[in-house]
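The primary structure of each chain is shown beneath.
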Amino acid sequence: MTQASLLKATAVATRTGPSVASSMISENNSKPGEQTESQTDLQLVRKVRNGDRAAFDLLVVKYQSRVASIISRYVYDSQEVMDLAQETFIKAYRAIDRFRGDSAFYTWLYRIAVNTAKNYLEARGRRPQGSADSAEAENFDDGRRLRDVASPESLLQKDQLQKALSEAISGLPEELRSAFLLREYDGLSYEDIARILECPIGTVRSRIFRARDAVDRYISPLLNHSVT
Amino acid sequence: MDERLRETLSAMMDDEADELSVRRLLSHGNQDEIRAQWQRWQQVRDLMHESHFAPYSIDVAGAVREAIDGQAVPADSRRKARAVATSYWHWPVAAMVALALVVGFGAGAGWESQPGDVTDILAAAGIDEGGAAELTSAVEEVAWQRLDEDQLRQMRQYLLEHAQHNSVGAGGGSMGYARMVSANGGY
């Protein structure tokens, strides 16, 4: 793929989302949203095992939406979803020494979340629906159930956020946008992006950071990011 | 949080941060700031990958932190607790060994054992009066058994080997071994 066609692909991605851009790029790497072995997760897990609570906070923040999404397949009340998500993370923290790293951290967390939700339902005499197959963690469309339980207001907010996101990405300088989209939509490593964009890895790292920062500043006023 | 740390955090989002950078980030003084930044970027990513985006606000991080701080024991603390528990048992074990030696050697030398003294030692080790009486009678029973010549030789040989191992292998110094050799004389 030439650089010109790549830039065209990323420009298309800006307008249409990831699917078209992905089809235009031959490499089949995992995307950031998919569940693969994460080096960062393993680094954080090691820190948690050494008693670093801040590392566990980052894992919670990273996965709380996805854990809530899994639980919402079984439990439909939003407050119950929150409580069970919390319970899932507490269980994970207590059992972190038993995580051997055979599977991705998220897959392990997924199993805990499903079991927590099922146990909750069984304790209340409600028959759990769905399966706890951990392979589902790889392909699970978390958003579907949450969309079902979302209020019209929250769906409207989401639409506004999507619109703002598109504007933010469109407004990025070309070199920042290319690097950012290759990473976010196509899951390429910094090394691959550097090769494609013909620039040093450090430059890719810096461009992605600056793109991320610019997008964050643009849509931050719309996000509910109360960190307690 | 300076520019470099924020860039490290961004690299962490992409699994491209090295161990040292992660360590530096986690040791930063203002973890609230780091967490807030991390959360916003995660939300942007979730929004970009629509299927992960939660349409209603989900933030259990604070509640999880409070629950863990209030209840759970981190791995390091568990290890420390185990260490404390182990050292807690050192005193009773040491006291029992000392008691056995005192009673045993005393019996060999024809001393009269004083149960009251023994009870005091055990009480100091945290064993109550009933337990102390039971333990004392058991130890006395063993100590008063006479050893024949072969058993005595075996016992001395065992102690000698133990002292030798302790001085050479376990780094306990050679003084114990020297004393044992000296005390054993012809053995």
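### Structural notes on the overall build of chain B
- If you tally the helices and strands in chain B, you get nine helices and zero strands.
- Counting from the amino terminus, chain B carries its helices and strands in the arrangement α-α-α-α-α-α-α-α-α.
- Expressed as a percentage of its 187 residues, the buried residues of chain B come to 24%.
- Pairs at least 24 residues apart make up 45% of the contacts formed inside chain B by residues separated by at least 6 positions.

### Details of the overall build of chain A
- Helix and strand counts for chain A stand at 12 helices and zero strands.
- Going residue by residue from the N terminus, the α and β elements of chain A occur as α-α-α-α-α-α-α-α-α-α-α-α.
- Looking at chain A as a whole, 39% of its 228 residues are labelled buried.
- Of all intrachain contacts in chain A linking residues separated by at least 6 positions in sequence, the fraction that spans at least 24 positions is 68%.

### A closer look at the environment of R66(A)
Residue and element names in this part refer to chain A.
- Structurally, R66 can be placed in helix α4 (residues 53–71).
- Since 26 C-beta atoms lie within 10 Å of it, R66 is described here as buried.
- Residues R66 and A85, spaced 19 residues apart in sequence, show a C-alpha to C-alpha distance of 9.4 Å.

### Some remarks on the packing of helix α10 (residues 174–184) of chain A against helix α11 (residues 190–197) of chain A
All names here are of chain A.
- Relative orientation of the contacting elements α10 and α11 amounts to 140°, with a least axis distance of 10 Å. Put simply, α10 runs oblique to α11. Crossing of α10 against α11: the hand is right-handed. Counted together, S178, A179, L182 and R183 of α10 and I193, I196 and L197 of α11 form the full contact between these two elements.
- For the contact of α10 with α11, the class distribution of residues is five nonpolar, one polar and one charged.

### Things to note about the nonpolar core
Residue and element names in this part refer to chain A.
- Grouped together as the largest cluster of nonpolar side chains are 67 residues, with contacts concentrated most on V60, I71, A85 and L109.
- The element best represented in this core is α4, accounting for 11 residues.
- Excluding residues that lie within four positions of it along the chain, I71 makes contacts with V81, L84, A85, A113 and A117.

### Focus: unusual backbone geometry
- Not every positive phi belongs to a glycine, and E198(A) is a case in point at roughly 55°.
- Relative to the elements of secondary structure, E198(A) occurs in the loop between α11 and α12 (201–219).
- For D15(B), which is not glycine, the phi torsion reads 60° and is therefore positive.
- Of note, D15(B) is situated in the loop between α1 (3–13) and α2 (19–26).

### Remarks on the environment of Q64(A)
- Checked against the element boundaries, Q64(A) lands in helix α4.
- Residue classification places Q64(A) among the buried residues on the basis of 23 C-beta atoms within 10 Å.
- Apart from the residues within four sequence positions on either side, Q64(A) is in contact with A85(A), I58(B), D59(B), V60(B) and A61(B).

### Digging into the confidence of the model for chain B
Residues and elements named next belong to chain B.
- Averaged over every residue, the pLDDT of chain B is 69; the share at 70 or more is 41%.
- The element-level mean pLDDT for chain B is lowest in helix α7 (residues 129–143), coming to 53, with α1 highest at 95.
- Within the model, pLDDT remains below 50 along residues 74–88, and this stretch shows 11 contacts once partners closer than five positions in the same chain are excluded.
- Predicted as a complex, the structure gets a pTM of 0.62 and an ipTM equal to 0.78.

### Re the packing of α1(B) against α2(B)
Residue and element names in this part refer to chain B.
- In contact at an axis separation of 10 Å, α1 and α2 are set at 120° when each is read in the N-to-C sense. As far as their axial angle goes, α2 and α1 are oblique. Handedness of the α1/α2 crossing: left-handed. Residues L5, T8, L9 and M12 of α1 form the contact with α2, whose participating residues are S21, V22 and L25.
- Considering only residue class, the contact of α1 with α2 consists of five nonpolar, two polar and no charged.

### A few points about the environment of L42(A)
Residue and element names in this part refer to chain A.
- Of note, L42 is situated in helix α3 (residues 39–49).
- Residue L42 is classed as partly exposed on the basis of its 16 C-beta neighbours within 10 Å.
- Taking the C-alpha atoms as reference, L42 lies 8.5 Å from A104; in sequence the two are 62 residues apart.

### Quick look at the confidence of the model for chain A
All names here are of chain A.
- Counting all residues, the mean pLDDT for chain A is 80, and 71% of those residues have values of 70 or more.
- Taking the mean pLDDT of every element in chain A, the minimum, 45, falls on helix α2 (residues 18–24) and the maximum, 97, on α11.
- This model gives residues 1–5 a pLDDT under 50, and the stretch forms four contacts once residues within four places in sequence are excluded.
- Within the model, the stretch residues 15–28 combines pLDDT values under 50 with 21 contacts to residues more than four positions away or in other chains.

Conventions we followed
- Residues numbered from 1 in each chain as written.
- Chains lettered and ligands numbered in written order.
- Predicted model: local features only at pLDDT ≥ 70, side-chain atom pairs only at ≥ 80, totals over all residues.
- Helix = DSSP H or I, 4+ residues; strand = E, 2+ residues; numbered from the N terminus.
- Buried ≥ 20, exposed ≤ 12 C-beta atoms within 10 Å, placed from the backbone.
- Contact = placed C-beta atoms within 7 Å.
- Axes fitted to C-alpha atoms, helices over the stretch in contact; angles between N-to-C directions.
- Parallel < 35°, antiparallel > 145°, perpendicular 65-115°, else oblique.
- Left-handed = near helix turned anticlockwise from the far one by under 90°.
- Nonpolar A, V, L, I, M, F, W, Y, C, P; charged D, E, K, R; others polar.
- Core = buried A, V, L, I, M, F, W, Y, C linked by C-beta atoms within 7 Å.
- pLDDT = per-residue confidence, 0-100.

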